[in-house]
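So you can see what is in the structure, the chains are spelled out below.
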Amino acid sequence: MASIRKLEYLLILLSVCIVASKSTTSGVSDIKYMLEQLVTKHKVPALGGIELDTNGITALGAAGIRKKGSGIEVTSSDLWHIGSCTKAMTATMIASLVEYGVVQWEDTLGEIFPWLPKEYHGINYIHLLSHRSGIPATTDWKKIAESAPTLEGQRVNTVNLLIKTRMEGRPGQKFLYSDWGYVVAAAMAENKTEKSYESLMQEHLFAPLAMTTVGYGPTSRDNELTQPWGHTSQGKKFFYVLQDENSLLFTFSFKKSLMALANLVTREFSLLHVH
């Protein structure tokens, strides 16, 4: 785990520092060779990196293979799972709903889901989005994925699981990172707006930011190698993860190209001024 944290730190440095790199004809520097060094040093399957400023992309690159043992190289236009970065996106979508007066930060679980135990009734969006709700970090996502045929139904079932779950702290009492809490926040927004989480994200985030390469679920299906596969680690060894769509429950791991990631950053100020 420590080595992975160091690797993440290196990638942060890579994205914010001015680097000496090979310039391309488009004026965007190619940093593939730098990423190749990191892939080799840390023995990870692949890495993608990007550097940008307020004018756009200044450096871009990708190195490694799409699936361990495949020999097929990743490219800078491949789609990548971005994991919990989607929490910030979800929070931004809900902030947009607040700005439009559709929901309020102080809306509570008790108001939306009154059948929950009373200890949960005081939890609001602020608690959920700041990881201070007291809801446990995670639950059995595979079981939830099999509990309903639709994602909306699965999210409601995730809320219903709270009935049999003890809180790990009072709302606002302490910080507890919670994937579960963000799913509950999404379910609250769906209930209030009568729209799916996916459509809300499209309306309030992706469309205003012109993010056209965003998607849900696995980047590749079955044995396809058209896009990078997800990998997990055990110690210092990495193993690819089977592309099972049911294992990606709420599709909080969006897929999008590095170009779209740049689009998100360079257009963020325009989103703040959408009324």
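Residues numbered from 1 in each chain as written. Predicted model: local features only at pLDDT ≥ 70, side-chain atom pairs only at ≥ 80, totals over all residues. Heavy atoms only, no water.

### Describing helix H3 (residues 85–99)
Point 1. The end-to-end C-alpha separation of H3 is 22 Å, in line with the 21 Å expected for 15 residues at 1.5 Å each.
Point 2. For H3, the set of buried residues is Thr-86, Lys-87, Met-89, Thr-90, Ala-91, Met-93, Ile-94, Ser-96, Leu-97 and Val-98.
Point 3. Positive backbone phi, approximately 80°, marks Gly-101, located one or two places after H3. (Helix = DSSP H or I, 4+ residues; strand = E, 2+ residues; numbered from the N terminus. Expected span 1.5 Å × (residues − 1). Buried < 20%, exposed > 50% of the residue type's maximum accessible area, 1.4 Å probe, protein only.)

### Concerning the pairing of strand S4 (residues 56–64)
Point 1. Alignment of strand S2 (residues 29–30) against S4, held across two bridges, turns out to be parallel. Paired with Ser-29 across the strands is Ala-59, a residue of S4.
Point 2. One ladder, built from eight bridges, connects strand S3 (residues 46–53) with S4; its direction is antiparallel. Residue pairing in the sheet places Glu-51 in a bridge with Ala-59 of S4.
Point 3. The hairpin formed by S3 and S4 contains two residues between the paired strands. (Pairing = 2+ DSSP bridges.)

### Digging into the packing of helix H7 (residues 151–160) against helix H8 (residues 179–193)
Point 1. Contact pair H7 / H8: the axes reach a minimum separation of 9 Å and the direction vectors enclose 120°. It follows that H7 is oblique to H8 by the angle criterion. Crossing of H7 against H8: the hand is left-handed. Residues Glu-152, Arg-155, Thr-158 and Val-159 of H7 form the contact with H8, whose participating residues are Trp-180, Val-183, Val-184, Ala-186, Ala-187 and Glu-190. (Axes fitted to C-alpha atoms, helices over the stretch in contact; angles between N-to-C directions. Parallel < 35°, antiparallel > 145°, perpendicular 65-115°, else oblique. Left-handed = near helix turned anticlockwise from the far one by under 90°. Contact = heavy atoms within 4.5 Å.)

### Concerning the side chain of Asp-78
Point 1. Note that Asp-78 resides in the loop between S4 and strand S5 (79–81).
Point 2. Residue Asp-78 is classed as buried on the basis of its relative accessible area of 2%.
Point 3. Looking at Asp-78, its side chain comes within polar contact range of the side chain of Arg-66, at 2.8 Å.
Point 4. A distance of 3.0 Å separates a polar atom in the side chain of Asp-78 from a polar atom in the side chain of Thr-75. (Polar contact = N/O pair within 3.5 Å; in protein donor to acceptor, adjacent residues only side chain to side chain.)

### Brief notes about the confidence of the model for the protein chain
Point 1. Taken as a whole, the protein chain shows an average pLDDT of 78; of its residues, 74% reach a score of 70 or greater.
Point 2. Within the model, the stretch residues 243–255 combines pLDDT values under 50 with 58 contacts to residues more than four positions away or in other chains.
Point 3. For residues 264–275, every residue scores under 50 in pLDDT, and the model assigns this stretch 20 contacts once sequence neighbours within four places are set aside. (pLDDT = per-residue confidence, 0-100.)

### A few points about the packing of aromatic side chains
Point 1. Tallied over the full model, the rule gives one aromatic pair.
Point 2. One Lys or Arg, Lys-67, reaches over the ring of Trp-229 and ends 4.3 Å from the middle of that ring.
Point 3. Against the face of Tyr-182 rests Lys-87, its NZ or CZ located 6.0 Å from the ring centre. (Phe/Tyr/Trp six-rings, centres within 6.5 Å; stacked < 30°, edge-to-face > 60°. Lys NZ or Arg CZ within 6 Å of the ring centre and 35° of its normal.)

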